[in-house]
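# Architecture and fold: a report
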Amino acid sequence: MKKFGLALGAGGAKGLAHISILKVFEELSIKPSIISGSSIGALLGIAFAAGKNTTEIEDFVKTLVLADKSSFWEFRNSDLKKIFDLMDPSILSSGIVKGNKFQAAFMEFVGKDTFEELDIPVKIVATDYTNKEMKIFSEGSISAPLKASYALPGFFPPVKIDDSLFIDGGVTNPVPYDIIANDCDEVIAIDILSESGKNTNSEPGRTEVVFASIQIMHRMMIREKSKHSLPAHLVQLDLPEIKTLEFNKAETIYKYAEKYQTKLKDILKP
């Protein structure tokens, strides 16, 4: 039987679409031989590799962002209006929030402290801000590298690991399919930033214009990268316009992502 590697791309709230993709692996009782992830792809990849099923992951998301009295965050007209307790409002000039409480909640949910404890091997990507290069983490403690992988510039502060500062993995490798190409027979890469259409003509808020600009950069990087190397299977999800931090639209994201489950089943079925 073929060994499939799974690469989960960056993309903010749209990354919740990965949960719908992971459901196909569950349905077919197929376990990826290895997972790679960048930013939110790293978060969900770690959770799945730790043995959490998609229902448990969805429940965790719901607890954080969909509950009527969620203490996570709330949005209005694309501006981040409040940073609630869980996200640790920060006075650091390098980021709006610290994210320590979210990180602690996630690590408690996962229940595994090291890469070696995971049920599936995982490689996650972060960007070495100090040395201006990509860094792959696959050994030792999970917490700091994971926090670095989703340290969205301008939102979370950089994460210090050893002598370097690290930021979001999407800055250097938004869909890290290349880093597991030699670890499996075929790589299935999930790109969640390939939506068609244009951004709204209405003037975005200050936070959203920064985050949307980063996602445009991600799309261009993926486009250029694909000209030189492609995974065996590149699944590009054309999702509706969802802003970077609109995790409260999780149900809409799940619904749209379900349209791509049949394509993935065709790839995975012998």
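Conventions and cut-offs
Residues numbered from 1 in each chain as written. Predicted model: local features only at pLDDT ≥ 70, side-chain atom pairs only at ≥ 80, totals over all residues. Heavy atoms only, no water. Helix = DSSP H or I, 4+ residues; strand = E, 2+ residues; numbered from the N terminus. Buried < 20%, exposed > 50% of the residue type's maximum accessible area, 1.4 Å probe, protein only. Phe/Tyr/Trp six-rings, centres within 6.5 Å; stacked < 30°, edge-to-face > 60°. Core = buried A, V, L, I, M, F, W, Y, C linked by side-chain atoms within 4.5 Å. Contact = heavy atoms within 4.5 Å. Arc of directions from axis to C-beta. Axes fitted to C-alpha atoms, helices over the stretch in contact; angles between N-to-C directions. Parallel < 35°, antiparallel > 145°, perpendicular 65-115°, else oblique. Nonpolar A, V, L, I, M, F, W, Y, C, P; charged D, E, K, R; others polar. pLDDT = per-residue confidence, 0-100. Salt bridge = Lys/Arg side-chain N within 4 Å of Asp/Glu carboxyl O. Patch = residues over 30% accessible without salt bridge, like charges linked within 9 Å, V, L, I, M, F, W, Y side chains within 5 Å. Areas by Shrake-Rupley, 256 points an atom, 1.4 Å probe, with all protein chains shown as cover. Lys, Arg positive; Asp, Glu negative; His and termini not counted. Charge placed at Lys NZ, Arg CZ, Asp CG, Glu CD.

To continue, consider the overall build of the chain. Secondary structure assignment for the chain yields eight helices and 10 strands. By the burial criterion, 53% of the 270 residues in the chain qualify as buried.

Per the counting criterion, the structure on display carries eight aromatic pairs. Plain terms: the ring middles of Phe-60 and Phe-106 are 5.9 Å apart, the flat faces sit at 70° to each other, and that makes the pair edge-to-face. On the criterion of sequence distance, the pair formed by Phe-60 in helix 3 (residues 54–66) and Phe-106 in helix 4 (residues 100–110) is long-range, its members being 46 residues apart. Using a relative accessible area of 14% as the deciding quantity, one classes Phe-60 as buried.

A general trend in soluble globular proteins is that nonpolar side chains are found buried together. In terms of nonpolar packing, the biggest core is built from 69 residues, with Ile-46, Phe-106, Leu-146 and Ile-188 touching the most fellow members. Per-element accounting of this core gives the leading share, eight residues, to helix 2 (residues 40–49). Excluding its chain neighbours within four sequence positions, the residues that come into contact with Ile-46 are Phe-106, Val-110, Phe-115, Leu-118, Val-122, Ile-124, Ile-142 and Leu-146. One finds Val-125, Tyr-177, Ile-179 and Val-187 within the second-largest nonpolar core, a separate group that totals 11 residues.

It is worth spelling out helix 8 (residues 261–268) at this point. The complete set of buried residues in helix 8 reads Gln-261, Leu-264, Lys-265, Ile-267 and Leu-268. Down the axis, helix 8 shows its buried residues gathered within 160° of arc, on one side only. Exposed residues on helix 8 whose side chains face more than 90 degrees from its buried face are Thr-262 and Asp-266.

As a further point, take the packing of helix 2 against helix 4. Put simply, helix 2 and helix 4 touch, their axes get as near as 9 Å, and they point 25° apart. Taken together, the axes of helix 2 and helix 4 are roughly parallel relative to one another. When helix 2 is examined against helix 4, the residues Leu-43, Ile-46 and Ala-47 are found in contact with a partner set consisting of Phe-102, Phe-106, Phe-109 and Val-110. In the contact of helix 2 with helix 4, the residues fall into seven nonpolar, no polar and no charged.

Positive phi values are uncommon outside glycine, yet Ser-39 reaches one of about 60°. Looking at the element boundaries, Ser-39 is found in the loop between strand 2 (34–38) and helix 2. Looking at Ser-39, the relative accessible area reads 8%, which means it is buried. Backbone geometry at Asp-162 places phi at a positive 55°, although glycine is not the residue there. Take Asp-162: it is sitting in the loop between strand 7 (159–161) and strand 8 (164–167).

This paragraph deals with the confidence of the model for the chain. Across the chain, pLDDT averages 85, with 81% of residues at or above 70. Long-range and interchain partners of residues 68–93, a stretch whose pLDDT sits below 50, account for 68 contacts in this model, where long-range means more than four residues apart.

Here Phe-102 is to be found in helix 4. A residue is classified by how much of its surface remains accessible, and Phe-102, at 9% relative accessible area, is buried.

Attention shifts here to the environment of Glu-133. With respect to the secondary-structure elements, Glu-133 resides in strand 6 (residues 133–137). As for Glu-133 and Thr-172, which are separated by 39 residues in sequence, their C-alpha atoms are 7.1 Å apart. In this structure Glu-133 touches Ala-126, Thr-127, Asp-128 and Thr-172, once residues within four positions along its chain are discounted.

Further remarks concern the pattern of salt bridges. The tally for this structure, following the rule as stated, stands at seven salt bridges. Here Lys-225 makes a salt bridge to Asp-178, at a shortest N to O gap of 2.7 Å. Of this pair, Lys-225 sits in helix 6 (residues 206–228) while Asp-178 is found in the loop between strand 8 and strand 9 (186–191), placing the two residues 47 residues apart along the sequence. Take Lys-225: its relative accessible area is 19%, and that puts it in the buried class.

Turning our attention to a negative patch on the surface. On the surface, a cluster of negative charge is made up of Asp-113, Glu-116, Glu-117 and Glu-139. Relative to the helices and strands, Glu-116 is located in the loop between helix 4 and strand 5 (122–128).

Let us now look at helix 7 (residues 250–257). Of the residues making up helix 7, those classed as buried are Ala-250, Ile-253, Tyr-254 and Ala-257. Angularly, the buried residues of helix 7 cover 100° about the axis, an arc narrow enough to put them on a single face.

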